[in-house]
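# Geometric and topological summary
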Amino acid sequence: MTPQIPHDVGAERAIIGAVLLRPSTLHDVGALDVCAESFYREPHRLLWRSLIEVDAKGPVDLVTVAGELEQRGKLDVIGGYAYLTELSASCPDSSHVERYAETVLEHARSRALLLALTSGKAAIESGEDFETVAGSIAQVVEDGSPKPKTAAIEGETSARVVARILEGRRGAQSLPTGIDELDELGRIVVVGKVTLIIGDTGMGKSALLDQICVSLARDAQPGCVFGLEMEREEYTERRIANLARVPYDLVQDGRLTDEQTTQVLKAHEVLDPLPLTTDDGMPTMRQILNRTRQGVRVHRWKWIAIDHAHIVPATDPGMREAETIAEVARYAMIIAKTCSVAVLIAVQMNADIKKRPEKRPFVSDVKYGGPLAQAASTIVGVYRDAFYKPGSEAKDVAELIVRKARFGRLGTALVRWRGEHQAFDSMWAGGEFG
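A brief report on the enclosed structure follows. From a predicted model like this one, the values you see are computed outputs, not experimental measurements. (Residues numbered from 1 in each chain as written. Predicted model: local features only at pLDDT ≥ 70, side-chain atom pairs only at ≥ 80, totals over all residues. Heavy atoms only, no water.)

### Quick word on the overall build of the protein chain
On a plain count of helices and strands, the protein chain comes out with 17 helices and 11 strands. Across the 434 residues of the protein chain, 45% fall into the buried class. Within the protein chain, residue pairs in contact and separated by at least 24 positions form 67% of the contacts whose partners lie at least 6 positions apart. Each charge sign in the protein chain was given a centre, from 52 positive and 61 negative side chains, and these centres are 4 Å apart. (Helix = DSSP H or I, 4+ residues; strand = E, 2+ residues; numbered from the N terminus. Buried < 20%, exposed > 50% of the residue type's maximum accessible area, 1.4 Å probe, protein only. Contact = heavy atoms within 4.5 Å. Lys, Arg positive; Asp, Glu negative; His and termini not counted. Charge placed at Lys NZ, Arg CZ, Asp CG, Glu CD.)

Dropping the structure here:
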């Protein structure tokens, strides 16, 4: 029986096909240590080098890659344009590309070990010192063993932490919410962590979430709102009402006075240059992870927001609501940690909150919220007394209650709620444009 050299041509084709379909995959797979030498077939090695070169110059697509190969006289070597087209159909689901990469890397390590063993055998037979040969083989085994990038000995980590402290740099990077009273309670939005905004239906949690996002963008912190609850234009209408201090219903209906029109134009001037993306599709958390990876790579996103958790579609349509929420929590942590972004999520409350005398939200009020509460480093509840008591003396006062604070302290920030403008204001500040 002829010995088989470890390889999987199908997995190699799938990886290259995934890159041609979704160019950001090139960086995702490269981060796993896949390189040209990882591939068994020489045409695939050649293709991978060409993909790297094309990516360094600009966008990667099938036509550009074919042109690069043709210019170098290598297009026929890899099988021509027809083979490139076939590769695009070799990966029907790019979400599996990491599994294909693991397969290719495992075979590459096996081939390296076989080569080392063959060379070692020849060296021993020619009289080479055993210890030298054994050391060379051991080195190949060690170098080929997959090493977790998430692990480091304490000395390495301690050195980085002490260096940061001596340089006067803060630890986990926090981003300002734009609401002074809330920021005074500590770091609410933290890169690499999850922040929940909880509240009853109609309380303004989505408005608060979006207001923080606009503030982050105005602070030159790029990011994306995954707006599952409304269309993009509706989010922009609310942002204009907030900034222009024009009633939200008038912005929606287009019934504006000349003065209000001027205010709206000023708001547009503020919004127009912002590094703020709004995605109003219905992506699953797995899709949000993939889009965030691309956003970080291409647009340098520092945060994402999900509006809201309880309407995110399940990856598997057969999942129950509690399982879907657990999936949202799990992926939120993965996105925050692996993409190094702050993740903000608006979260719905249980209907039971309306049945009890005390209406202020608690962490336990989150619908199927156990996994979400565990995933979050910060939880902020939104409460307005006038929402439940129309005659309340505090009709325009909102309480932003920090219920969980890993990077700050528990407490309540009192702010003004401008309902017609969908805005939360500082207690001592005026409107956006005076």
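### Looking at the side chain of aspartate 200
Structurally, the position occupied by aspartate 200 is in the loop between β3 (194-199) and α10 (205-218). Here aspartate 200 falls in the buried class, since its relative accessible area comes to 2%. Polar contacts involving the side chain of aspartate 200 include one to the side chain of tyrosine 388, which spans 2.8 Å. In contact with aspartate 200, other than residues within four places in its own chain, are Lys205, Gln348, Met349, Ile353, Lys354, Phe387 and Tyr388. (Polar contact = N/O pair within 3.5 Å; in protein donor to acceptor, adjacent residues only side chain to side chain.)

### A closer look at the packing of α10 against helix α11 (residues 232-244)
Where α10 contacts α11, the two axes come as close as 11 Å, and the packing angle between them is 75 degrees. As far as their axial angle goes, α11 and α10 are roughly perpendicular. Note on element contacts: α11 touches α10 through Tyr235, Arg238, Arg239, Asn242 and Leu243, opposite Ser206, Ala207, Asp210, Gln211, Val214 and Arg218. In terms of residue class, the contact of α10 with α11 is built from four nonpolar, three polar and four charged. (Axes fitted to C-alpha atoms, helices over the stretch in contact; angles between N-to-C directions. Parallel < 35°, antiparallel > 145°, perpendicular 65-115°, else oblique. Nonpolar A, V, L, I, M, F, W, Y, C, P; charged D, E, K, R; others polar.)

### Quick word on unusual backbone geometry
Residue histidine 308 is reached from aspartate 307 by a cis peptide bond, and omega for that bond is -5 degrees. In this fold, histidine 308 is placed in the loop between β6 (303-307) and α15 (321-339). For serine 340, which is not glycine, the phi dihedral falls at a positive 55 degrees. Counting through the fold element by element, serine 340 comes out in the loop between α15 and β7 (342-348). The class for serine 340 is partly exposed, based on a relative accessible area of 41%.

### Let's talk about the packing of aromatic side chains
Across all of its chains, the model carries five aromatic pairs by this definition. Centroid distance phenylalanine 39 to tryptophan 48: 5.2 Å. Interplanar angle 45 degrees. Geometry classified as tilted. Here phenylalanine 39 falls in the buried class, since its relative accessible area comes to 0%. Aromatic side chains phenylalanine 226 and tryptophan 301 sit 6.4 Å apart centroid to centroid with 80 degrees between the ring planes, which places their arrangement in the edge-to-face category. Pair noted here: phenylalanine 226 is in strand β4 (residues 223-227) and tryptophan 301 is in the loop between α14 (285-299) and β6, with a separation of 75 residues, a long-range link. By the burial criterion, phenylalanine 226 is buried, and tryptophan 301 matches it. (Phe/Tyr/Trp six-rings, centres within 6.5 Å; stacked < 30°, edge-to-face > 60°.)

### Overview of the nonpolar core
Core analysis: the largest hydrophobic core is formed by 48 residues, its most contacted members being Leu182, Leu208, Trp303, Leu400 and Phe424. Aside from chain neighbours lying at most four places away, what touches tryptophan 303 is Leu175, Cys213, Leu216, Gln221, Pro222, Gly223, Cys224, Val225, Leu276, Val341, Ala342 and Leu344. Listed in part, the 33 residues of the second largest apolar core include Leu228, Met285, Tyr331 and Val366. (Core = buried A, V, L, I, M, F, W, Y, C linked by side-chain atoms within 4.5 Å.)

### Overview of the pattern of salt bridges
By the definition in use, this model includes 19 salt bridges. Its salt-bridge partner being arginine 49, residue glutamate 42 comes within 3.8 Å of it at the nearest N-O pair. A salt bridge links aspartate 280 to arginine 232; its shortest N-O distance comes to 3.1 Å. In this pair, aspartate 280 sits in the loop between β5 (276-279) and α14 while arginine 232 sits in helix α11, placing the two residues 48 residues apart along the sequence. A relative accessible area of 25% places aspartate 280 in the partly exposed class. On the basis of relative accessible area, arginine 232 is assigned to the partly exposed category, the value being 40%. (Salt bridge = Lys/Arg side-chain N within 4 Å of Asp/Glu carboxyl O.)

### Quick notes on the side chain of aspartate 425
Within the fold, aspartate 425 resides in strand β11 (residues 423-425). Overall, the relative accessible area of 6% leaves aspartate 425 in the buried class. Side-chain polar atoms of aspartate 425 contact the side chain of arginine 245, separated by 2.3 Å. Within polar-contact distance, the side chain of aspartate 425 engages the side chain of arginine 418 at 3.3 Å.

### Focus on a nonpolar patch on the surface
Taken together, the side chains of Leu113, Leu114 and Leu117 define a hydrophobic patch exposed on the protein surface, amounting to about 230 Å² of accessible area. Within the secondary structure, leucine 113 sits in helix α6 (residues 97-125). Leucine 113 sits in the partly exposed class, given a relative accessible area of 31%. (Patch = residues over 30% accessible without salt bridge, like charges linked within 9 Å, V, L, I, M, F, W, Y side chains within 5 Å. Areas by Shrake-Rupley, 256 points an atom, 1.4 Å probe, with all protein chains shown as cover.)

### Observations concerning the pairing of β7
Regular strands show a simple pattern: their side chains alternate between the two faces of the sheet. Of all seven residues that make up β7, seven are buried, and the element is covered over most of its length. Of the two faces of β7, the one lined by Ala342, Leu344, Ala346 and Gln348 and the one lined by Val343, Ile345 and Val347 are each fully buried. Relative to β7, β3 runs parallel, the two being bridged by six bridges. When the sheet's bridge partners are listed, threonine 195 is paired in β7 with leucine 344. Pairing geometry for β6 and β7, over five bridges, is parallel. Looking at the pairing, isoleucine 304 lines up with valine 343 of β7. You can see the chain leave β6, run along α15 and come back into β7, and the turn it takes is right-handed. (Pairing = 2+ DSSP bridges. Right-handed = clockwise from strand over helix to strand, strands pointing away.)

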